[in-house]
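Listed below, chain by chain, are the residues.
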Amino acid sequence: MKKWILAAAVVSALGATSVQAKEWKEIRFGIEGAYPPFSWTEPSGELKGFDVDMANALCEELQAKCKIVAQDWDGIIPSLLARKYDAIIAAMSITDERKKKVDFTGKYALIPNKFVAKKGTQIDFSKEGLKGVKIGVQRATTHDKYLTDNYGDSVEIVRYGSFDDAYLDLKAGRIATVLGDASALEEGLLNKDGGEGYEFIGPSLTDPKWFGEGFGIATRKQDKDLTEKLDKAILSLREKGVYQQLASKYFSYDVYGE
């Protein structure tokens, strides 16, 4: 009898925990904090950017407490799986490869990918033309994979922990160009002091095979209820015009796309 009562108590406690977890009264978001205009870290340590504003707006829409956790890009998915936070909002492209590890909401942004270089730089973007050319990318990104898959045996890929480090090498002439999403390159380089000496060059890359279906919010596969809540909240923010209001603070064009 005692064993039965103990077992029943355990089942009851687990059931209560499961129900409580699905209420999502607090949502913890993992954010990179080094990818403007989506996120950056102020000298005070405060996180700012479009992803930060979106996280707060989504929590308000869902009437949940919002907690934002800064995380380096290299460990951003492993830390989600280790339950350091509940969701990732960090300009992460929705790709088939990432879907093997995590679930995604629908897109909340869609931005083309571009190369940036010093003005006057001439580069032939054919496979033969890129032979030996040093191109900077952020490590473990879709840009890294695109170059590896298409030019890995030809181009010299230089990988960085953040775009800030890549810009320093570009300015110093140690690499010829940087590949990234257009908005990040604008905010991190072109729109800053000295940015007038740089420009976009080459093709605009949008192939979903490498760059996915846009930026989505990543969640653990077992938290499908959270994925659904966030997905509905994104659409609700767009219907109410809140999304457009937030986006206009950071982008001069339609960042959502169609």
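J.: Hey, could you run me through the pattern of salt bridges in this one?
T.: Oppositely charged side chains may form a pair once their charged atoms are brought near each other. Using the criterion set out here, one finds 16 salt bridges in the structure. A salt bridge links Glu26 to Lys65, with the shortest nitrogen-to-oxygen separation between them at 3.8 Å. Remark: Lys65 occurs in strand S5 (residues 65-70) and Glu26 occurs in strand S1 (residues 26-31); sequence separation between them is 39 residues. With a relative accessible area of 32%, Glu26 lands in the partly exposed category. Take Lys65: its relative accessible area is 58%, and that puts it in the exposed class. For Arg174, the salt bridge goes to Asp169, with nearest N and O atoms at 2.7 Å. On the accessibility criterion, Asp169 (16% relative accessible area) is buried. By sharing partners, the salt bridges in this structure join Arg28, Asp86, Arg220 and Asp223 into a single network.

J.: Which parts of the structure should I look at to understand the sheet that holds strand S8 (residues 113-118)?
T.: With mixed pairing, five strands are arranged side by side in an open sheet as S10-S9-S11-S8-S12. One side of each edge strand has no neighbouring strand; the edge strands of this open sheet are strand S10 (156-160) and strand S12 (198-205). Averaged over all pairs of adjacent strands, the angle between strand axes in this sheet comes to 30°, irrespective of strand direction. Strand direction decides the pairing type here: S8 and strand S11 (residues 177-181), joined by four bridges, are antiparallel. Counterpart to Phe115 in the pairing with S11 is Leu179.

J.: Which parts of the structure should I look at to understand the side chain of His143?
T.: Mapped onto the elements of the fold, His143 is located in helix H5 (residues 142-151). A polar side-chain atom of His143 sits 2.7 Å from a polar atom in the side chain of Asn113. The residues contacting His143, other than those within four sequence positions of it, are Tyr35, Asn113, Val137, Leu179, Gly180, Asp181 and Phe211.

J.: What is the right way to read the pairing of S11 from this model?
T.: Each regular strand shows side chains that alternate between the opposite faces of the sheet. Within S11, five of the five residues are buried, which leaves the element mostly enclosed by the surrounding structure. Pairing analysis gives two bridges linking strand S9 (residues 134-138) to S11, with the strands arranged parallel. The partner of Ile135 across the bridge, within S11, is Thr177.

J.: Would you explain the packing of aromatic side chains in this entry?
T.: Note on aromatic pairs: each is described by the distance of the centres and the angle between the planes. Counting across every chain of the model gives 18 aromatic pairs. Both rings, one in Phe50 and one in Phe251, keep their centres 5.4 Å apart while their planes meet at 90°; by these two values the pair is edge-to-face. Within this pair, whereas Phe50 is found in helix H2 (residues 50-61), its partner Phe251 is found in the segment after helix H10 (242-247), the two being separated by 201 residues in sequence. Taking the relative accessible area as the measure of exposure, Phe50 reaches 0% and is therefore buried. If you follow Lys107 out to its NZ or CZ, it ends over the ring of Tyr256, 4.6 Å from the centre. Over the aromatic face of Tyr256 sits the side chain of Arg238, whose NZ or CZ is 3.7 Å from the ring centroid.

What counts, and at which threshold
- Residues numbered from 1 in each chain as written.
- Predicted model: local features only at pLDDT ≥ 70, side-chain atom pairs only at ≥ 80, totals over all residues.
- Heavy atoms only, no water.
- Salt bridge = Lys/Arg side-chain N within 4 Å of Asp/Glu carboxyl O.
- Helix = DSSP H or I, 4+ residues; strand = E, 2+ residues; numbered from the N terminus.
- Buried < 20%, exposed > 50% of the residue type's maximum accessible area, 1.4 Å probe, protein only.
- Pairing = 2+ DSSP bridges.
- Axes fitted to C-alpha atoms, helices over the stretch in contact; angles between N-to-C directions.
- Polar contact = N/O pair within 3.5 Å; in protein donor to acceptor, adjacent residues only side chain to side chain.
- Contact = heavy atoms within 4.5 Å.
- Phe/Tyr/Trp six-rings, centres within 6.5 Å; stacked < 30°, edge-to-face > 60°.
- Lys NZ or Arg CZ within 6 Å of the ring centre and 35° of its normal.

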